[in-house]
Amino acid sequence: MTQVSLSQIRKQYPAALHPAVNQLSLEIPSGKITALLGASGSGKTTLLKIIAGLLPVTEGDVLFDGQSVMSMPTEQRGAVMVFQNHLLFPHMTIEQNIGFGLKMHGINTGIIRQRVADMLALIQLPDVGKRRPHQLSGGQQQRVALARALIVEPRVLLLDEPLSNLDAHLRDEMRDLIRQVQQTFQITTIVVTHDQQDAVVLADLIALMRDGQVEQFATPDVLFTRPSNERVARFFGGVNFIPGYWDGYLMQTEVGTFQTSIQVPPGQVLLTIRPEHVKFCDSPSSNPLHGIVEMQQFMGTHWRCLVCLPANSLKITVHATTMQVRVGDAVTLYLPPEHLWTIPP
Amino acid sequence: MAERHGRTPKLKTIMPYAALGLIGLVLTAPLIAFLLNAFARQWFFPQLLPETWTFDAWGRLFSAGSEFTQALGNSTLIATVVALISLMLGLPAARALGLYRFRGKRLLEFLLLLPAVVPPLAVSMGLTVNFLRWGLTGNWIGVAVAHLVPVLPYVVLVLSGTFATYDISHEQQARTLGAKPLAVFLYITLPMIFPGVVVAGLFAFLISWSQYLLTLLVGSGRVITLPILLFSSASGSNNTTIAVQALMFTAPTLLLLIFTSRVLARNALTGLVRL
């Protein structure tokens with residue numbers, strides 16, 4: 001149970017034009033999974049290595065439970081990292097790999113053997129102890145790497161793209177395993193990922209990163225429904241953006257005037273609504289919109305529709321079981337006031 | 001036509017073996033001559049093989065306190081010390097060259113190779129002049145230090161080849177798991193580069209083992225190693241003595257080569273390819 005605070009971190013690589021991490025501050029709560037989400041080059045892995053003590057910062061401070069760890073070498077921080085390519089030590093057996101951390105902490109051999117057996121059971125690979133890393137599949141190696149990190153009961157667990165090398169069904173298994181062990185051990189966990197889906201499923205909190213800074217730090221549902229700007233909205237699947245003016249009571253746009261439940265100061269805004277929140281409705285009580293279905297696409301569990309409005313268009317997803325419209329139909333849309341959200345233009 | 005068709009493939013299959021056999025003969029013939037001579041008592045011109053066999057020369061050379069056992073001891077001591085020190089000095093250098101990119105790296109690599117390219121006589125004369133001033137001539141320590149000059153380039157090159165395919169993240173992984181720097185070196189770095197270290201160590205040993213000119217000049221004729229003894233006996237001793245000494249001189253090379261080809265993985269030789 002360790003709270004990690006990042007304070008005004010800046011990291012400038014010698015040859016780089018822009019800093020990899022730029023004046024970044026973040027309070028990572030204890031006992032939860034926090035995802036650092038962003039495209040490659042957004043500085044998320046750099047940040048992870050800074051927390052682990054593997055990279056020096058140019059400026060700033062890293063604190064564990066309010067105490068600076070900057071002067072502490074990596075091996076004393078208790079922040080264990082699981083690398084993207086799992087990095088099992090090729091010259092050791094699986095048992096030796098998992099027990100390595102305990103051996104380094106001077107734990108006696110008998111206890112190590114017992115704890116390694118427990119760990120192998122936890123990752124559901126009880127019989128691989130005597131094997132070498134290269135005799136295991138990628139998914140198995142990833143689980144061994146996780147066990148090797150967990151066995152030392154780290155203050156902070158750092159996972160660098162833990163799911164990126166796995167195929168679809170192994171991904172789900174690994175996700176569940178990470179969630180399960182995190183809940184069992186209550187370890188403060190920081191996951192780096194470029195995959196929005198992985199971050200949403202795994203993490204309690206997501207820090208969306210861009211150019212070495214945090215765009216928004218919030219729970220997954222807030223990032224979906226209350227994005228702080230257009231980039232965040234687009235990253236989480238937002239596709240409908242309508243420029244308008246908010247006068248404090250009503251939202252005036254090129255396609256109509258809407259009631260909303262938002263509370264922001266009057267001014268020019270960008271109105272947004274998620275595609276799954278727009279409803280087809282013949283006689284809505286408020287916020288009606290008339291348009292023509294321009295295009296539709298079957299996605300398996302749902303349909304995607306493009307509805308053309310007089311001055312703009314809206315993208316809408318409808319669950320397959322309730323899909324009734326066809327291309328060319330004139331339809332009436334209902335934009336529920338509670339699902340309308342505004343972002344700076 | 002049919003006959004010719006039948007013959008050509010046969011010739012084709014035989015040729016490589018014949019070539020290999022010829023090369024083998026050329027390479028082993030001197031050794032065979034040495035082997036025969038080493039155990040011959042009397043062996044005169046028309047005879048194909050010696051008439052009587054003996055271990056006399058072996059007993060004489062290996063008798064306690066003989067010139068030969070001392071030379072053997074000196075050679076072993078110097079070559080071992082040189083191998084160990086060159087590994088200690090070469091590892092950090094090779095690590096830097098293999099893992100990092102920095103300004104002047106190519107120049108540094110070139111400078112490191114220089115002693116291996118410059119004629120040995122020039123290197124030896126220069127070293128001797130300086131070693132005379134520092135009192136490093138005429139003793140085995142000075143000779144060992146001098147041997148480092150031709151040895152180090154090879155050690156650094158072999159090891160930097162090993163480091164070129166080495167992933168430093170393994171060390172970072174070990175550190176986050178709580179390993180202190182010394183533990184990282186002993187449990188991670190060393191085991192992972194071990195094949196390269198063995199090859200480099202063997203090279204160092206053999207290069208030192210076969211030094212003649214440097215030992216002669218820096219040792220001022222007072223440090224007698226096997227090559228020194230061998231050169232002097234080659235011009236004045238009987239055939240049996242020369243044969244035994246030559247065999248003993250060749251032995252470590254052969255043993256180490258057999259050992260390396262058998263025990264070491266092919267990837268350990270990546271450094272050698274760069275040579």
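Please read all numbers here as calculations on a predicted model, not as lab measurements.

Asker: For the packing of aromatic side chains, give the residues involved together with the corresponding values.
Answerer: Residues and elements named next belong to chain A. If you walk through the whole model with that rule in mind, you get 10 aromatic pairs over all chains. When the centroid spacing of 5.0 Å and the interplanar angle of 65 degrees are considered together, the rings of Phe89 and Phe100 count as edge-to-face. You can see Phe89 sitting in the loop between β6 (79–82) and α3 (94–104) and its partner Phe100 sitting in helix α3, a full 11 residues away along the chain. In this pair, the class of Phe89 matches that of Phe100, namely buried. Taking the centre distance of 5.0 Å and the plane angle of 50 degrees together, the rings of Phe298 and Trp303 count as tilted. Across from the ring centre of Phe89, 4.6 Å away, lies the NZ or CZ of Arg148, which sits over that ring.

Asker: Which residues make up the interface of chain A and chain B, and what values do they have?
Answerer: Taken together, the contact pairs 27 residues of chain A with 18 residues of chain B. Summed over both partners, the interface of chain A with chain B comes to about 1900 Å²; 66% of that surface belongs to carbon and sulfur atoms. If you sort the residues of chain A by the area they bury against chain B, Glu75, His91 and Met104 of chain A come out on top, with a joint share of 30%. Connecting chain A to chain B are one salt bridge. In this structure, Arg175 of chain B and Glu75 of chain A form a salt bridge, with 2.8 Å as the shortest nitrogen-oxygen distance. In this structure, the connection of chain A to chain B is made through six residue pairs in polar contact (both at pLDDT 80 or more). For the side of chain A that touches chain B, a count of residues per class yields 17 nonpolar, six polar and four charged.

Asker: So, the pairing of strand β1 (residues 4–11) of chain A: which residues are in play, and what are the values?
Answerer: Residue and element names in this part refer to chain A. The buried count for β1 comes to six of eight residues, which makes it a mostly enclosed element. As defined by bridge partners, β1 adjoins strand β2 (residues 21–28) across five bridges and the pair is classed as antiparallel. When the bridges of β2 are listed, Ile9 appears paired with Leu24. As judged from the five bridges shared by β1 and strand β4 (residues 59–64), these two strands associate in the antiparallel manner.

Asker: If you had to explain the sheet that holds strand β17 (residues 302–308) of chain A to someone new, which residues and values would you point to?
Answerer: Taking strand neighbours across the sheet as the criterion, the five strands line up as β15-β19-β16-β17-β18 (chain A) in an open arrangement whose pairing is antiparallel. Pairing within the sheet leaves two strands with one partner each, and these edge strands are β15 (279–280) and β18 (313–319) of chain A.

Asker: Describe the domain arrangement of chain B, and please don't skip the residues or the numbers.
Answerer: All names here are of chain B. For chain B, the domain assignment lists domain 1 (2–54) and domain 2 (67–272). Distance from the C-alpha centre of domain 1 to the C-alpha centre of domain 2: 34 Å. With six residues of domain 1 at the interface, the matching set in domain 2 holds eight residues. Taken together, the two surfaces of domain 1 and domain 2 that pack against each other cover about 590 Å², and 80% of this comes from carbon and sulfur. Here domain 1 and domain 2 share zero residue pairs in polar contact (both at pLDDT 80 or more) between them. Counting residues per element, the side of domain 1 that touches domain 2 draws most heavily on helix α1 (residues 2–38), which supplies five residues. A breakdown of the residues in the side of domain 1 that touches domain 2 according to their chemical character gives five nonpolar, one polar and no charged.

Asker: Please provide a residue-by-residue account of the layout of surface pockets, values included.
Answerer: Approximately 380 Å³ is the volume attributed to the largest pocket. Every element with two or more residues in the lining of the largest pocket is listed here: α3 (67–99), α7 (169–176) and α8 (181–209) of chain B. Within the lining of the largest pocket, the residues separate by chemical class into 10 nonpolar, two polar and three charged. One number sums up the size of the second largest pocket: a volume of about 320 Å³. Around the second largest pocket, the lining is made up of 16 residues, and of these Glu95, Gln96, Gly99, Ile112 and Val116 of chain A lie nearest the centre.

Calculation notes
- Residues numbered from 1 in each chain as written.
- Chains lettered and ligands numbered in written order.
- Predicted model: local features only at pLDDT ≥ 70, side-chain atom pairs only at ≥ 80, totals over all residues.
- Heavy atoms only, no water.
- Phe/Tyr/Trp six-rings, centres within 6.5 Å; stacked < 30°, edge-to-face > 60°.
- Helix = DSSP H or I, 4+ residues; strand = E, 2+ residues; numbered from the N terminus.
- Buried < 20%, exposed > 50% of the residue type's maximum accessible area, 1.4 Å probe, protein only.
- Lys NZ or Arg CZ within 6 Å of the ring centre and 35° of its normal.
- Contact = heavy atoms within 4.5 Å.
- Buried area = accessible area lost by both parts, 1.4 Å probe.
- Salt bridge = Lys/Arg side-chain N within 4 Å of Asp/Glu carboxyl O.
- Polar contact = N/O pair within 3.5 Å; in protein donor to acceptor, adjacent residues only side chain to side chain.
- Nonpolar A, V, L, I, M, F, W, Y, C, P; charged D, E, K, R; others polar.
- Pairing = 2+ DSSP bridges.
- Domains from an automatic or database assignment.
- 1 Å grid on protein atoms, 1.4 Å probe; cavity = no way out; pocket = protein on both sides within 12 Å on 5 of 7 lines; lining within 4 Å.
- Points joined across faces, edges and corners; volume = space filled by probe spheres on them.

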